[in-house]
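Reading the structure
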Amino acid sequence: MRRALKPAAREPVVFDLATRPLRDINAILQALPAHTNETAWAIANPRGAHAVAVGVTTPVSISIDGHVGYYCAGMNDGAHVTIAGNAGPGVAENMMSGTVHVMGDASQAAGATAHGGLLIIEGNASARCGISMKGVDIVVKGSVGHMSGFMAQSGNLVILGVAGEALGDSLYEANIFVRGGITSLGADCEEKPMTEAASAILETLLKKAGADADPKDFKLFGSARTLYHFHVDNADAY
Amino acid sequence: MNETSDPRIPQTRPRFSATFDPHSIAEIQRAAATGIYDIRGGGAKRKLPHFDDLLFLGASISRYPLEGYRERCGTDVTLGTRFAKNPIKLKIPVTIAGMSFGALSGNAKEALGRGATAAGTSTTTGDGGMTPEERGHSQTLVYQYLPSRYGMNLTDLRKADAIEVVIGQGAKPGGGGILLGQKISPRVAAMRNLPEGIDQRSACRHPDWTGPDDLEIKILELRELTNWEKPIYVKVGASRPYYDTALAIKAGADVVVLDGMQGGTAATQEVFIEHVGLPILAAIRPAVQALQDLGYHRKIQLIVSGGIRTGADVAKALALGADAVAIGTAALIALGDNAPEWEEEYRKLGTTSGAYDDWHEGRDPAGITTQDPVLAARLDPVKAGRRLANYLSVLTLEAQAIARACGKSHLHNLEPEDLVALTIEAAAMAQIPLAGTNWIPGKSTGF
Ligand SMILES: Cc1cc2nc3c(=O)[nH]c(=O)nc-3n(C[C@H](O)[C@H](O)[C@H](O)COP(=O)(O)O)c2cc1C
């Protein structure tokens, strides 16, 4: 596993999930005042716990030392969360802003419905990565599973590895950048010309995510917009 | 027709088929012409076993009634007593069901908030997020957590008084939402993060969980996000009410919301509305049974909906074991939907007041199911809110009148024993004896 991108500036306050209930830890993190001086936090022994560091609204850094269960950093709104391990389903689901950095692999529905912020996954992400995303940026350095970007509404999904079956099914206005090739495209998803604007977005995201990749090696996929209106001739796709 | 033209011989008159009735024929013709199914609003329109098929017995020698205007008959209800730090306390057991801003105009949402607040009850957001008008005018607001997650955000989640995880609706158990392009105005589009004017389809499954074990973790997350303060409701369309209720209990719900097939929708395929799901009459007892079997009846509250119109319906739902009811269609009618004053305009739309159900088209003459600013301006939210408050008050007074007649000092004291069924079907579905017998089909072998 690689190192986190932004090591905390000062010694973090460490919570031990083996001895302290999740409720206490989340309550403290959620109640932090906007301009707290305590900007570095760490959580030891997560051991697959669910809903760790959810709903934090202060731009503090939280590093989680191990694997987490479902919905880690769910609805995050401003915090910088690093998971030194793998993440269960729905990591950073419905994130509003901030960053979530998974050093290992992520399970299904990573970044589901997220509105903003940046989700970086160093390893692979499972099925439905970026499902219904609503503005978030997601960078997956490995591959993603089937139905990734399903009904994705806006934002950018960057995949350095291979995308599984039915990529971008029923896509709305999100951009999907893929370097390693696709298995198949979902309904209404098509390859788009890589415009300068799109390439600039990609370059910025790769840089932010610390990804060593050349934007020129990526293909861009977007919505063919044929399903935007109900039409008899589209019956097969519905 | 007879071949003869002799006027003295009786003619065979044109006869419509009961199977290929005029409605079926017109639908076949429409389908053949367009190639697409019919979409409409409202709930199941065909006749179904319903609360009308039950009667209250009233007091007699064996039990005595309460004085109509003197003796108290309580109506309050507390929802979310299982885990939430801040359960919801309502004055009346009639709540306003979730209906989205998008399906409804901003004025209509405001009017619902005003009316509900005046009556001391809650209102509910819908598939489109929370609007400031709605939050501002609703003393108690339930925030829906739907598969689409349109407009879902942490700030609004924390502003809510309760959270309703929507798994299904009675009009379309197993179906997602539809909002056609005419109603995707710039504001609706922005709230949902969608291009303007598209025909929007919302997902039927939640994006980040499937199944009851996942739901349990999702509920844990929602509680962690909101400091364990807010009651978490789980709403299901009536299809397998015993198991759905049991699984919602297992997943940690504070309140179960059960919506029957008469329940309204803003837009769904007609075939779905009329052919999928159970009438609410058939769904309440299995849900109550699940609560009882697991020791949670009255500890986890049950809200039922789908075709509630009168105080008698409210009283019957509670007597069957519900803690509260929710209303959608009736609330819209109270605001002014289908009002005769717009008859001329209904005619222009090819319908008539009382039958208008093209709520998905956004051309509602009453200004309720529309995003057209000119039409929406027709609805005065203050006056419409007052009408809704009046109606809620009548529902409560009617339910109380019945409860007093049955000798009950609180609406929650109504019980199945107060009821009889008029038909064998209703007796079987509601597990209530057929009137004049002690026979419950499938349960007892009485006379
Ligand atoms: C116009 C309209 C919009 C609705 N929108 C939603 C919605 O967004 N979410 C939801 O769970 N149910 C929705 N419903 C269903 C109601 O919440 C409720 O289940 C139903 O209306 C109850 O039955 P009733 O209409 O017979 O009272 C809607 C219903 C109507 C009439």
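Scoring rules and cut-offs
- Think of each chain on its own: its residues are numbered from 1, step by step along the sequence as written.
- A letter from A marks each chain and a number from 1 marks each ligand, given out in the order of writing.
- At least 70 in pLDDT is required for a residue's local features to be given in this predicted model, at least 80 for side-chain atom pairs to be given and counted, and no such filter applies to totals for whole chains, interfaces and linings, which use all residues.
- Computation of side-chain values: all heavy atoms of the structure, hydrogens and water removed.
- Numbered from the N terminus, helices here are DSSP runs of H or I no shorter than four residues, and strands are runs of E no shorter than two.
- This radius of gyration counts C-alpha atoms alone. The globule rule is 2.2 Å times how many residues there are, raised to the power 0.38.
- Here the term buried applies to any residue with accessible area under 20% of the maximum for its type, exposed to any over 50%, and partly exposed to those in between, with areas from a 1.4 Å probe on protein chains only.
- Contacts: residue pairs with any heavy atoms within 4.5 Å of one another.
- In this charge count, Lys and Arg are treated as positive and Asp and Glu as negative; neither His nor the chain ends contribute.
- Charge positions are represented by NZ for Lys, CZ for Arg, CG for Asp and CD for Glu.
- Should DSSP find at least two bridges between two strands, the strands are regarded as paired.
- Residues are counted as near a molecule or strand when any one of their heavy atoms sits within 4 Å of it.
- For this analysis, a polar contact is any N or O atom pair within 3.5 Å, provided that within protein one partner can donate a hydrogen and the other can accept it, and provided that sequence-adjacent residues contribute only side-chain to side-chain pairs.
- Here the Shrake-Rupley method, with its probe set to 1.4 Å, supplies the accessible areas, and only the displayed protein chains count as covering residues.
- Only Asp, Glu, Lys and Arg are considered charged, only Ala, Val, Leu, Ile, Met, Phe, Trp, Tyr, Cys and Pro nonpolar, and every remaining residue, Gly among them, polar.
- The axes are straight lines fitted to the C-alpha atoms, using for helices just the contacting stretch, and the angles between their N-to-C directions are given from 0 to 180°.
- Buried area, as used here, totals the accessible surface that two parts lose on assembly, with accessibility defined by a 1.4 Å probe and the loss added over both.
- Here, a salt bridge means any Lys or Arg side-chain nitrogen found within 4 Å of an Asp or Glu carboxyl oxygen.
- The score called pLDDT rates the predictor's confidence residue by residue, from a low of 0 to a high of 100.
- Buried and open spaces are told apart on a 1 Å grid over the protein atoms alone, a cavity being a set of points where a 1.4 Å probe fits but cannot get out and a pocket being an open set with protein on both sides within 12 Å along at least five of seven lines. Residues with an atom within 4 Å of a point are the lining residues.
- Grid points are joined across faces, edges and corners, and a volume is the space filled by probe spheres set on the points.
- To sort the angles, those under 35 degrees are grouped as roughly parallel, those over 145 as roughly antiparallel, those from 65 to 115 as roughly perpendicular, and the leftovers as oblique.
- What makes a crossing left-handed is the near helix being turned counterclockwise from the far one by less than a right angle; a clockwise turn instead makes it right-handed.

1. With respect to the overall build of chain A
From N to C terminus, chain A includes two helices and 11 strands. When the helices and strands of chain A are listed from N to C terminus, the series reads β-α-β-β-β-β-β-β-β-β-β-α-β. For 238 residues, the compact-globule formula gives about 18 Å, and the C-alpha radius of gyration of chain A, at 18 Å, lands near that figure. On the principal axes, the C-alpha backbone points of chain A span a range of 60 × 35 × 30 Å. Classification of the 238 residues of chain A by burial places 58% in the buried group. For chain A, contacts bridging at least 24 residues in sequence account for 27% of all contacts bridging at least 6. Averaging the positions of the 17 positive and the 23 negative side-chain charges in chain A gives two centres separated by 6 Å.

2. Considering the pairing of strand β8 (residues 154-159) of chain A
All names here are of chain A. Across the six residues that make up β8, a large majority, six, are buried. The sheet contact formed by strand β7 (residues 134-140) and β8 spans five bridges and is parallel. Bridge pairing in β8 places K134 opposite S154. Inspection of the sheet shows β8 paired to strand β9 (residues 175-178) by four bridges, in the parallel sense. Residue L157 lies in a different strand from β9, and its bridge partner there is I176.

3. Focus on the site of the ligand
Residues and elements named next belong to chain B. Near the ligand lie 25 residues; those nearest to it are G98, D259, G307, G328 and T329. K235 has a polar side-chain atom sitting 2.8 Å from an oxygen atom of the ligand. With respect to the ligand, the backbone of G264 contributes an N or O atom lying 2.9 Å from an oxygen atom. Taking 610 Å² as the accessible area of the ligand by itself, protein coverage stands at 97%. Class assignment of the residues belonging to the shell around the ligand gives a composition of eight nonpolar, 14 polar and three charged.

4. Notes on the sheet that holds strand β3 (residues 61-65) of chain A
All names here are of chain A. Strand order in this open sheet of 11 strands is β1-β2-β3-β4-β5-β6-β7-β8-β9-β11-β10, and the pairing throughout is mixed. Where the open sheet ends on each side, the last strands, each with one partner, are β1 (13-16) and β10 (189-192). Sheet twist, expressed as the mean angle between neighbouring strand axes with direction ignored, is 20 degrees. The sheet contact formed by strand β5 (residues 97-102) and strand β6 (residues 118-121) spans four bridges and is parallel.

5. Digging into the interface of chain B and chain A
Opposite the 39 residues of chain B that make contact, chain A presents 37 residues. Both sides of the chain B and chain A interface together cover about 3,200 Å² of buried area, and 59% of this is carbon and sulfur. For the pair chain B and chain A, the interface holds three salt bridges. A salt bridge links E224(B) to R23(A), with the shortest nitrogen-to-oxygen separation between them at 3.1 Å. Taken together, chain B and chain A are joined by 17 residue pairs in polar contact (both at pLDDT 80 or more). Among the secondary structure elements, those contributing two or more residues to the side of chain B that touches chain A are α4 (154-159), β10 (200-201) and α6 (211-225) of chain B. With seven residues, the single largest contributor to the side of chain B that touches chain A is α6(B). For the side of chain B that touches chain A, the per-class residue count stands at 18 nonpolar, 10 polar and 11 charged.

6. Thoughts on the pairing of β9(A)
Consecutive side chains along a regular strand alternate between the two faces of the sheet. Pairing analysis gives three bridges linking β9(A) to strand β11 (residues 219-223) of chain A, with the strands arranged antiparallel. When the sheet's bridge partners are listed, V178(A) is paired in β11(A) with K219(A).

7. Observations regarding the pattern of salt bridges
Residue and element names in this part refer to chain B. In the structure shown here, the tally under the stated rule is 36 salt bridges over all chains. Among the salt bridges present, the one from D254 reaches R223, with a minimum N-O distance of 2.9 Å. Of the two residues, D254 sits in the loop between α7 (241-251) and β12 (255-259) while R223 sits in helix α6, which places them 31 residues apart along the sequence. Since its relative accessible area comes to 0%, D254 is described here as buried. Accessibility expressed as a relative area gives 2% for R223, which makes it buried. Shared partners join several salt bridges into a network, and the residues in it are R40, K45, R46, E270, E274 and D357.

8. Observations concerning the confidence of the model for chain B
Confidence in the prediction for chain B averages 95 pLDDT; 98% of positions are at 70 or higher. Note on the complex model: pTM 0.95, ipTM 0.94.

9. Some remarks on empty space enclosed by the protein
Residue and element names in this part refer to chain B. On inspection of all chains with the given rule, the structure shows three cavities of 30 Å³ or more. Counted as a void, the largest cavity has a volume near 90 Å³. What lines the largest cavity is a set of 14 residues, among which T95, A97, T124, E164 and A326 lie closest to the centre. Broken down by secondary-structure element, the contributors of at least two residues to the lining of the largest cavity are β5 (94-96), β6 (122-124), β11 (232-237) and β14 (301-305). By volume, the second largest cavity is sized at about 40 Å³. Grouping the constituent residues of the lining of the second largest cavity by class yields four nonpolar, four polar and one charged.

10. Some words on the packing of α7(B) against helix α9 (residues 280-293) of chain B
All names here are of chain B. Closest axis-to-axis distance for the α7/α9 pair is 7 Å, and the angle between their directions is 40 degrees. Looking at the two axes, α7 sits oblique to α9. Crossing handedness for the pair α7 and α9: right-handed. Judged by residue contacts, P241, Y242, T245, A246 and I249 of α7 engage A283, P286, A287, Q289, A290, L291 and D293 from α9. Partitioned by chemical class, the residues of the contact of α7 with α9 number nine nonpolar, two polar and one charged.

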